[in-house]
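# An overview of the molecular structure
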Amino acid sequence: MFSRLLGFMSADMAIDLGTANTLVYVKGRGIVLDEPSVVAIADVRGKKQVLAVGEEAKLMLGRTPGNIQAIRPLRDGVIADFEVAEEMIKHFIRKVHNRRGFASPLIIVCVPSGSTAVERRAIQESAESAGARKVLLIEEPMAAAIGAGLPVTEPSGSMVVDIGGGTTEVAVISLGGIVYSRSVRVGGDKMDEAIISYIRRNHNLLIGESSAERIKMDIGAASTPYEGDEGPYREVKGRDLMNGVPREIVVSQRAISESLAEPVSAIVEAVKVALENTPPELAADIVDKGIVLTGGGALLNRLDQVLRDATGLPVVVAEDALQCVALGTGRALEEMKRLRNVLTSMY
Amino acid sequence: MMSSTEAALHDAAASPMMASRMGADLRAARERVGCTLPAMSAHLRIRLPYLEAIEDGRIADLPGNAYALGFVRTYARSLGLDADEIARRFRAEAAEVNRKTELTFPAPVPERGVPAGAMMLLGVLLAVGAYVGWYRLSGERAIPDPIRPVPARLAALVPLPAPAPAPVQAAAPASVPTPAQPVPSAEAVMAELPPLAPPPPVQSSRIATLPPSSAAAAVPPAAATPPASVPPAADGGRIVLRATADAWVQVRDRTGPVLLNRVLRAGETWPVPAAGNLMLTTGNAGGTELLVDGVAAPSLGGNGVVRRDLPLDPTAIRDGKLAMAAAAPRPAHP
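Read on for a plain summary of the structure. (Residues numbered from 1 in each chain as written. Chains lettered and ligands numbered in written order. Predicted model: local features only at pLDDT ≥ 70, side-chain atom pairs only at ≥ 80, totals over all residues. Heavy atoms only, no water.)

## Focus: the interface of chain B and chain A
Chain B puts 23 residues into the contact, and the matching count from chain A is 31 residues. At the boundary of chain B with chain A, total buried surface from both sides reaches about 2400 Å², with 56% on carbon and sulfur atoms. Of all residues in chain B, Tyr67, Leu103 and Phe105 of chain B bury the most surface against chain A, accounting for 35% of the area lost on that side. At the junction of chain B and chain A, the tally comes to four salt bridges. Between Arg77 of chain B and Asp304 of chain A there is a salt bridge, with its nearest N and O atoms 3.3 Å apart. Between chain B and chain A we count five residue pairs in polar contact (both at pLDDT 80 or more) in total. Of all elements in the fold, only helix H3 (37-44) and helix H5 (65-78) of chain B reach the threshold of two or more residues within the side of chain B that touches chain A. By residue number, the principal contributor to the side of chain B that touches chain A is H5 of chain B, which donates eight residues. (Contact = heavy atoms within 4.5 Å. Buried area = accessible area lost by both parts, 1.4 Å probe. Salt bridge = Lys/Arg side-chain N within 4 Å of Asp/Glu carboxyl O. Polar contact = N/O pair within 3.5 Å; in protein donor to acceptor, adjacent residues only side chain to side chain. Helix = DSSP H or I, 4+ residues; strand = E, 2+ residues; numbered from the N terminus.)

In structure tokens form, the structure reads like this:
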């Protein structure tokens, strides 16, 4: 009763704390914040202070002087730097929760299904110390499936593949629960790294993470274009490793897709393993309806076609793939009474 | 080819058509590419019935909103159409696609048994019922009538119930203003009793205000009724206790058992049983009168005087010994 009263006064929120982006959904208002999970910290006379968070901090990534650090506090879907993550959550809460200090909000945070109890506790504790009244956790694939609009509570199997920045979650869901889930630490970051190492190896050019990400989003593809076609080209700038001067080269989609072969095959492998472990009745449902892709990685060109060819199943990309997890977590917040089964707490 | 397809699409959108306009457009685009539906199905891995349902606009045959939208987008993209535009039109044409997927978790069947709330209600009802029942039952045990009924053999002497109590009550004020009334005058009054006829009861109400000298004249009506209102002790006792004013009276045996212990109302009488060694204690000596063989004994004391352990001996009472004993302590109380 008292908790409900507090809920009226505070803006309860759902947070998709992702490796690449953090999305905040406020009850009754929808997604109000979508910013990169980056924090810039300045060292002022031995004391660390937050300089910038989000979009602003991302611009500083890889461009900082000695006294400033641009940090991504999450790696592989879990918290790598506890204090910085806490600062980031605090900043985002302050940004959307304008009635500060009046009543602290209830926060639902999603966690990778493959995360350990220690990692979950770290996420919950950092959200609590960032000023939450109560913290509940939801597993990412479940949130993604709810956000994609899949009938997760029906006695029928649904397969969702959420390709995030740090992890790829493959899950088979039926009757409101996860029947099988598999989390591999391959995602957008691994693709960026693959592009960096490919360009360094083949062109002797060192490029930054941000440049790699931009190329991936522009011309990245999961499979090579048709025979004899190089696909679109993009310029990429970096430092020449041979003579140390900055240089610009042009790469084709074919080259980038070749570089992405490894992370893509890891994702395909994860999906295949999940299918192998799916009970036959649910597998029959999946043959009928297919696989739904969510997350930023789902937007990689022709990834659905690669998975379709590899599995022989219909593969569709969800609408608002980037926001599926946040929308699903937000729906769990809105319909908390009905969806309380999918929410957990580490205490 | 791409531009011509889109131009055709826009033409189709402009012309008024039936519900499955979007499906027809998809079919037209597919036929322009020169691809059969089974080949499309094999390429997209979407089952043939679903592709047919999309082209015919049979949305009910598709598995769920999210999947239907996904199939439409995939199909549109594979034909080189703008997937977002097609999806938007699909939403516009099929209203049910926009409905949110209903999420209702299978809830466990509640365990059988009366719910706690009903149990509590039942308990409260039982408690209330028990109390009401107890109240009704205990209320029926009526308080015994404080006025004893006239014995059957004396009933003939009572012509009417109304005049009988009136003189008795009148007697009470008569003795009240004369606590120090001398003994002989009382005896004289008793002697005069028989010939006097009872006057109307109205007169007796004024007696209280009369001086002591006139009290003698007023007393007769009060004393005239003893045979009717003060029955001689039925069980052989010669003494009758009579209250002229409200008085707490206790009669007990010297050996212990208490025979009477209550407040006698004005006019009430109590026949003292014929047992020796009875002791009387009264809280209002002026309002307590003892009659031996129907003759009033001298007054026991003043109004409000407490007398303890007076022996109820007929001869002693008649001789006025109790009254004399009362005279001794009187001066002590100014």
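## Some thoughts on the packing of helix H9 (residues 261-276) of chain A against helix H11 (residues 303-311) of chain A
Residues and elements named next belong to chain A. Interaxial distance between H9 and H11 falls to 10 Å at its minimum, and their mutual angle equals 45°. In this view, H9 runs oblique relative to H11, as classed from their interaxial angle. As for how H9 packs across H11, the hand of that crossing is right-handed. In contact with Val264, Val268, Val271, Lys272 and Leu275 of H9, H11 contributes Leu303, Val306, Leu307, Ala310 and Thr311. Class assignment of the residues belonging to the contact of H9 with H11 gives a composition of eight nonpolar, one polar and one charged. (Axes fitted to C-alpha atoms, helices over the stretch in contact; angles between N-to-C directions. Parallel < 35°, antiparallel > 145°, perpendicular 65-115°, else oblique. Left-handed = near helix turned anticlockwise from the far one by under 90°. Nonpolar A, V, L, I, M, F, W, Y, C, P; charged D, E, K, R; others polar.)

## With respect to the packing of aromatic side chains
All names here are of chain B. Inspection of the entire model under this criterion finds three aromatic pairs over all chains. With a centroid separation of 6.2 Å and an interplanar angle of 35°, the aromatic rings of Tyr131 and Tyr135 are classed as tilted. Of this pair, Tyr131 and Tyr135 both sit in helix H7 (residues 116-140), four residues apart, which is roughly one turn of that helix. Tyr135 sits in the exposed class, given a relative accessible area of 53%. (Phe/Tyr/Trp six-rings, centres within 6.5 Å; stacked < 30°, edge-to-face > 60°. Buried < 20%, exposed > 50% of the residue type's maximum accessible area, 1.4 Å probe, protein only.)

## Some details on the pattern of salt bridges
This model, assessed by the stated rule, comprises 31 salt bridges over all chains. The partner of Arg47 of chain B in a salt bridge is Asp288 of chain A, and the shortest N-O contact between them spans 2.4 Å. With one member in each of two chains, Arg47 of chain B in the loop between H3 and helix H4 (48-56) and Asp288 of chain A in helix H10 (residues 280-289) form a pair that bridges those chains. With a relative accessible area of 35%, Arg47 of chain B lands in the partly exposed category. Asp25 of chain B is paired through a salt bridge with Arg89 of chain B; the nearest N and O atoms lie 2.4 Å apart. Of the two residues, Asp25 of chain B sits in helix H2 (residues 21-33) while Arg89 of chain B sits in helix H6 (residues 83-93), which places them 64 residues apart along the sequence. The pair formed by Asp25 of chain B and Arg89 of chain B is uniform in burial state, with each residue classed as buried.

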